[in-house]
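# Architecture and fold: a report
Residues per chain, in single letters:
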Amino acid sequence: MKQGVFITFEGNDGAGKTTVCKAVEKRLSEMGYSVLYTREPGGSRIAEAIRQVLLDVENTEMDARTEALLYAASRRQHLVEVVLPALNANKIVLCDRFIDSSLAYQGYARQIGAPEIWDINQFAIDGHMPDKTLFLSVSVETGKKRMDLRGDKNRLDLEASAFHARVRKGYQTLCQDYPERITVIDAEADVQTVVDQSLQEILKVVHAYE
Ligand code: TMP
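Each value, and the rule that gives it
- Residues numbered from 1 in each chain as written.
- Predicted model: local features only at pLDDT ≥ 70, side-chain atom pairs only at ≥ 80, totals over all residues.
- Heavy atoms only, no water.
- Pairing = 2+ DSSP bridges.
- Helix = DSSP H or I, 4+ residues; strand = E, 2+ residues; numbered from the N terminus.
- Axes fitted to C-alpha atoms, helices over the stretch in contact; angles between N-to-C directions.
- Near = heavy atom within 4 Å.
- Polar contact = N/O pair within 3.5 Å; in protein donor to acceptor, adjacent residues only side chain to side chain.
- Areas by Shrake-Rupley, 256 points an atom, 1.4 Å probe, with all protein chains shown as cover.
- 1 Å grid on protein atoms, 1.4 Å probe; cavity = no way out; pocket = protein on both sides within 12 Å on 5 of 7 lines; lining within 4 Å.
- Sits in = over half its atoms within 2 Å of the grid points.
- Nonpolar A, V, L, I, M, F, W, Y, C, P; charged D, E, K, R; others polar.

## Considering the sheet that holds strand 1 (residues 5-10)
- The strand order across the open sheet built from 5 strands is 2-3-1-4-5, with neighbouring strands paired in parallel fashion. Two strands lie at the open edges of the sheet, namely strand 2 (35-39) and strand 5 (182-186), each paired on one side alone. For this sheet the average axis-to-axis angle between neighbouring strands, irrespective of direction, equals 20 degrees.
- Relative to strand 4 (residues 132-137), strand 1 runs parallel, the two sharing 4 bridges. Residue pairing across strands places threonine 8 opposite threonine 133, the latter belonging to strand 4.

So this is what it looks like as structure tokens:
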């Protein structure tokens, strides 16, 4: 492969992104590709420290714009320290959440506005958009059921279902706005099917670079 490929996974809490992402990483590695799985917020020492502040259930007084700026700061640090070096080493980077999470959660669900969130994130990512984004689509109810099974909840998981409904609606708007970049995967299906479909979509992009 002549250059790295940047793939992001997006979806509501409980969509199954992490499970699918890790399974896809394993399959691509078995096929002989050099792959990196990483996640946001976090993925590097400084970005993980910001993650702690963002997700701490004690931080109830956090202002919405502070939250948006911290996600963008964590994104910047992780991009520079982890994502770009891996892309420069010609790897396939599978990133569990990226800019679309900020657009859906802070832009739409917190109602700061997508253009405002886009602007602060352009400063953070400096033009480095994903080559492909997979939106794992589940209903708010399915997401909640899966989150309940997972148990341990972070500050955003604890938001009311109206918030998670706005997140989903936000993602649906993003899918309409960026139909070339974002592919919708039906994540109500069983894990194996979701993994197979995700892999197929990623391979289309990878083959285009070979
Ligand atoms: P995770 O549970 O998928 O690791 O993500 C942590 C939470 O952070 C999740 O509820 C989604 C939220 N989030 C945002 O609100 N904005 C962002 O930009 C990112 C990356 C995550």
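What follows continues from the structure just given.
## Some words on the site of the ligand
- For the ligand, the set of nearby residues contains 15 residues, the closest of which are Asp13, Tyr71, Arg97, Ser102 and Gln106.
- Interatomic distance of 2.8 Å between a side-chain N/O atom of tyrosine 71 and an oxygen atom of the ligand.
- Take arginine 97: an N or O atom from its side chain is 2.8 Å from an oxygen atom of the ligand.
- Look at the ligand: alone it shows 480 Å² of surface, and the protein chains cover 94% of it.
- Spatially, the ligand is embedded in the largest pocket.
- Sorting the residues of the shell around the ligand by element identifies helix 2 (45-55), helix 3 (64-88) and helix 4 (99-109) as the ones contributing at least two each.
- Considering each element in turn, the shell around the ligand owes the most residues, 4 residues, to helix 4.
- A class-by-class count of the residues in the shell around the ligand yields 5 nonpolar, 4 polar and 6 charged.

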